[in-house]
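# Secondary and tertiary structure notes
Letter by letter, the chains look like this.
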Amino acid sequence: MPASLHIMTSTSWGGLELYVTTLISTMARSGEHVAAYVSEGSKAEEALRANGVTVYTTKGAGHFSLPDVAAIRRIVRKEKFQIVHSHTRVDVWLGSLALMFDRKRRHINSVYMVVVPKKDPLHRLVYSRVDAIISSSRLTNLKIATHYPVKPERIHLIRYGRDISFYYRDAAVRQELRQRLCIGDDEVIFGMIGRIDEQKGIREFASSFTALTDAEKARTRYVIIGEPTILRTEGDKLIFEPKALEVSNWLKTFAAQKENEGRIILLDFQKDVLPYYTMIDVLVLASYAEMYSLSVIDAMCMCLPVIGTDSEGTPEQVQDGRTGFLVEPKSAKAIGCAVSKYLENPKLLSEHGEAAAEWAHREHAFEKTLDNIQTLYTSLLN
């Protein structure tokens, strides 16, 4: 298989970073010659080293620098990497400039964020040295074709991979977590799992609790798991993005109000999040513009229905009325209405959950993802 160097210099630790480290680690475990170029001291470095991946580091902390370009050029030549695979908006610059005059190797860029126009002269230069672009969403690929200076034949759909065997519902774990949080077996838990950020619709989800009737509130819990977006680390101290920290503080205040106390439960970031998918009954994705959510895939693999916003790539994941419900973005009232539908008709929980699992298993098995990536790598070199 072609040897690949993956560039992922982000210092954050959200869905993008978790997925990329999982992808690289899975490729390494399958016996491929793979390595990573990451920011020194980042959680990505820690996770990759723990999985036995060869790691090269930069002190650039996710910012573009010419020394990084030179370092990547040296690494790919010395270690004979045939593929450079970049994973963020900064990394695509590093990969492209490192390979600008190198025609022996190929550069692949994965897109995980919402697409914005990039047809100015500088981006035309950068993307002239991108041989292929990958995303997990058909809608995203259509936008890339419109907004990026690349030919349509260079744009590829490769779904995010998930190890399907990893997902199972453990009744004992579910009961233990619910008992720990003083949640009854007959209560329905609606959960959000991910970064605390303004664009994630945290305020709208929490506020939707007030739209429920008193009877509905009495048998409903909201559980929000995550921490504010991390800008950087300074020693052992985490520096959070100011707006995200503001949202987090608002959330704590709102959850502590007398009418919400005990009904809206806030939990810190969990390194092992699988047990919490076992605990909750419905995942809520209230993001204003989510390209294609990993948490939705995880929830569906765990047979959970999803309430998602009808925007960007989410409608490609959530089939309204079959695997969950789609709601208007930025609307607490709309989220509350979807919550009420599940409370009024509990059998939808299992019906939508089973349909969700069927779709996720078919579209996102990791074996299929790795095969598609390797096929792309090989075809580009040929």
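The notes below deal with the structure included here. Note that the structure is a prediction, hence the values are computed from the model and not measured. (Residues numbered from 1 in each chain as written. Predicted model: local features only at pLDDT ≥ 70, side-chain atom pairs only at ≥ 80, totals over all residues. Heavy atoms only, no water.)

### Things to note about the pattern of salt bridges
- Under the counting rule described, the total for this entry stands at 19 salt bridges.
- Here Arg159 ties to Glu316 by a salt bridge, and the two come within 2.8 Å at their closest N and O atoms. One end of the pair, Arg159, is in the loop between strand E7 (155–157) and helix H7 (171–180); the other, Glu316, is in helix H13 (residues 314–317), and 157 residues separate them in sequence. Accessibility assignment for this pair places Arg159 and Glu316 in one class, buried.
- For Glu363, the salt bridge is made with Arg159, and the minimal N-O distance between the two is 3.1 Å. With Glu363 in helix H15 (residues 347–364) and Arg159 in the loop between E7 and H7, this residue pair connects regions lying 204 residues apart in the sequence.
- The class of Glu363 is buried, set by a relative accessible area of 16%.
- Several salt bridges converge on common partners, so that one network encompasses Arg159, Glu316, Arg362 and Glu363. (Salt bridge = Lys/Arg side-chain N within 4 Å of Asp/Glu carboxyl O. Helix = DSSP H or I, 4+ residues; strand = E, 2+ residues; numbered from the N terminus. Buried < 20%, exposed > 50% of the residue type's maximum accessible area, 1.4 Å probe, protein only.)

### A short note on the packing of aromatic side chains
- Under the counting rule described, the total for this entry stands at 13 aromatic pairs.
- Between Phe64 and Trp93, the ring centres sit 6.2 Å apart and the planes meet at 65 degrees, which makes this aromatic pair edge-to-face. Of the two residues, Phe64 sits in the loop between strand E3 (54–58) and helix H3 (66–78) while Trp93 sits in helix H4 (residues 89–98), which places them 29 residues apart along the sequence.
- For Phe64, a relative accessible area of 38% translates into the label partly exposed.
- Exposure remark for Trp93: the relative accessible area of 21% places this residue in the partly exposed category.
- With 5.0 Å between their ring centres and 15 degrees between their planes, Trp250 and Phe254 make a pair best called stacked. With Trp250 and Phe254 both in helix H10 (residues 242–256) and 4 residues apart, the pair spans about one turn of that helix.
- The buried category is assigned to Phe254, whose relative accessible area is 10%.
- These aromatic residues form a ring-pair network of at least three members: Tyr19, Tyr112, Tyr160, Tyr292 and Phe366.
- Against the face of Tyr288 rests Lys330, its NZ or CZ located 4.9 Å from the ring centre.
- Of note, Lys341 hangs over the ring of Phe325, and the distance from its end group to the ring centre comes to 4.7 Å. (Phe/Tyr/Trp six-rings, centres within 6.5 Å; stacked < 30°, edge-to-face > 60°. Lys NZ or Arg CZ within 6 Å of the ring centre and 35° of its normal.)

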